[in-house]
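Architecture and fold: a report
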Amino acid sequence: MALHLIKLCVGCDSVKDLADWICEKRKRTRGKMTEHIHTTRMVPKRAAELTDGGSLYWVIRGQVMCRQRLLAVRPFVDKDGVGRCRLALEPKLVLVEPRPWRAFQGWRYLAVTDAPRDLDRAAPGARDMPEAMRRELRELGLL
């Protein structure tokens with residue numbers, strides 16, 4: 001059964017910022033355009049569940065806004081001997097139904113039943129709206 005991760009997207013103010021960052025980072029990998037790598041400090045113990053259809057949900061400015069499908073979990077030891085993990089992600093961002101989320105450190109597991117629905121399923125056509133408009137509609141309880 002699939003399991004998801006949720007993580008704060010530090011340094012990004014919008015989904016567009018995250019998409020631009022992913023695009024720029026992938027350009028620097030010299031041809032490895034099939035996946036996007038995000039390095040974390042801790043290794044998820046439930047890696048098999050995460051790669052069985054799981055996604056990484058991004059919290060941007062206090063709201064879960066989008067997700068990326070998890071392709072692989074690759075533990076490694078860095079040059080200082082510290083255990084770390086590379087999360088291989090599908091580079092495509094999928095907008096999700098915005099949901100408030102309090103700040104936390106690192107990442108957390110997110111059960112499938114607790115994950116926000118994809119925006120196309122929750123509000124057809126909302127993905128074509130500007131992000132600021134979606135945020136305002138969400139704050140008003142209309143989205």
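Everything here concerns the structure above.
Our subject in this report is the structure included herewith. (Residues numbered from 1 in each chain as written. Predicted model: local features only at pLDDT ≥ 70, side-chain atom pairs only at ≥ 80, totals over all residues. Heavy atoms only, no water.)

Focus on the nonpolar core
Applied cut-off: Residues enter a nonpolar core if they are buried and are Ala, Val, Leu, Ile, Met, Phe, Trp, Tyr or Cys, with the set joined through side-chain atoms within 4.5 Å. Per-residue accessibility, obtained with a 1.4 Å probe over protein chains only, is compared with the maximum for each type, and a residue is labelled buried under 20%, exposed over 50%, and partly exposed between these values. Only DSSP runs of H or I with at least four residues qualify as helices, and only runs of E with at least two residues qualify as strands; both kinds are numbered from the N terminus onward. Here, two residues are considered to be in contact whenever any of their heavy atoms come within 4.5 Å of each other.
Ranked by size, the top nonpolar core spans 22 residues in total, and within it Leu5, Val15, Leu18, Trp58, Ile60, Cys66 and Leu93 carry the most contacts. Those elements that provide at least two residues to this core are helix H1 (15–27), strand S3 (55–60), strand S4 (63–77) and strand S5 (83–89). Here this core takes 4 residues from S4, the largest share from any one element. Non-local contacts of Leu18, meaning those with residues more than four positions away in its chain, are made with Cys9, Cys12, Trp58, Ile60, Cys66 and Leu93. Counting 8 residues, the second-largest nonpolar core is a separate cluster that includes Val59, Val64, Val96 and Phe104.

Thoughts on unusual backbone geometry
A positive phi angle, near 50°, is found at Arg61, a position not held by glycine. Along the chain, Arg61 falls in the loop between S3 and S4. The class for Arg61 is exposed, based on a relative accessible area of 56%.

So, the layout of surface pockets
Rules: In this analysis the probe radius is 1.4 Å and the grid spacing 1 Å, with only protein atoms considered; a cavity is a set of points the probe fits into but cannot get out of, a pocket is an open set with protein on both sides within 12 Å along at least five of seven lines, and lining residues have an atom within 4 Å of a point. Grid points are joined across faces, edges and corners, and a volume is the space filled by probe spheres set on the points. Under the convention adopted here, Pro, Cys and the residues Ala, Val, Leu, Ile, Met, Phe, Trp and Tyr are nonpolar, Asp, Glu, Lys and Arg are charged, and Gly plus all remaining residues are polar.
Roughly 200 Å³ of volume is contained in the largest pocket. Around the largest pocket sit Lys7, Thr39, Thr40, Arg41, Met42, Gln105, Gly106, Trp107 and Arg108, which together line it. Elements with a minimum of two residues in the lining of the largest pocket: strand S2 (36–40) and strand S7 (107–110). Split into classes, the residues belonging to the lining of the largest pocket amount to 2 nonpolar, 4 polar and 3 charged.

Let's talk about the side chain of His4
To keep it simple, the criterion reads: For the purposes of these results, a polar contact is taken to be a pair of N or O atoms within 3.5 Å, where, inside protein, one atom must be able to donate a hydrogen and its partner to accept one; residues adjacent in sequence count only when each atom of the pair is a side-chain atom.
As for its position among the elements, His4 is in strand S1 (residues 4–8). Here Ser55 takes part through its backbone nitrogen, which lies 2.9 Å from a polar atom of the side chain of His4.

So, the environment of Met65
Examined against the element boundaries, Met65 turns out to sit in strand S4. Along the primary structure Met65 and Val94 are separated by 29 residues, whereas in three dimensions their C-alpha atoms are 8.6 Å apart. When near neighbours in sequence (up to four residues on either side) are disregarded, Met65 contacts Val15, Trp58, Ile60, Val94, Leu95, Val96, Pro98, Glu131 and Arg135.

Description of the pairing of S2
Keep this limit in mind: Between any two strands, pairing holds if DSSP finds at least two bridges.
In S2, alternate side chains face the same way, and those of His36, His38 and Thr40 are buried while those of Ile37 and Thr39 on the opposite face are not. Relative to S5, S2 is paired through 5 bridges, and the arrangement is antiparallel. Within S5, the position partnered with Ile37 by the bridge is Ala88.

Let's talk about the state of the cysteines
Rule in force here: For this text, the term disulfide refers to a pair of cysteine sulfurs within 2.5 Å.
A full pass over the atoms with the stated rule returns 0 disulfides. Counting only cysteine sulfurs, Cys12 is the nearest neighbor of Cys9, a cysteine outside any disulfide, at a range of 3.6 Å. In this model Cys85 remains outside any disulfide bridge; the closest cysteine sulfur is found in Cys9, 17 Å from its own. Residue classification places Cys85 among the buried residues on the basis of a relative accessible area of 0%.

So, the packing of aromatic side chains
The criterion, for reference: Pairing of aromatic side chains here covers Phe, Tyr and the six-membered ring of Trp, requires ring centres within 6.5 Å, and sorts the geometry by plane angle: under 30 degrees stacked, over 60 edge-to-face, intermediate tilted. In this scheme, the term charge over a ring applies when either NZ of a lysine or CZ of an arginine sits within 6 Å of the ring centre and within 35 degrees of the ring normal.
Taken as a whole, this structure holds 1 aromatic pair when the rule is applied. Consider the rings of Trp107 and Tyr109, whose centres lie 5.2 Å apart with planes at 70°: the pair is edge-to-face. Given a relative accessible area of 30%, Tyr109 falls into the partly exposed group. Note that Arg46 overlies the ring of Tyr109, its terminal NZ or CZ placed 5.2 Å from the centroid.

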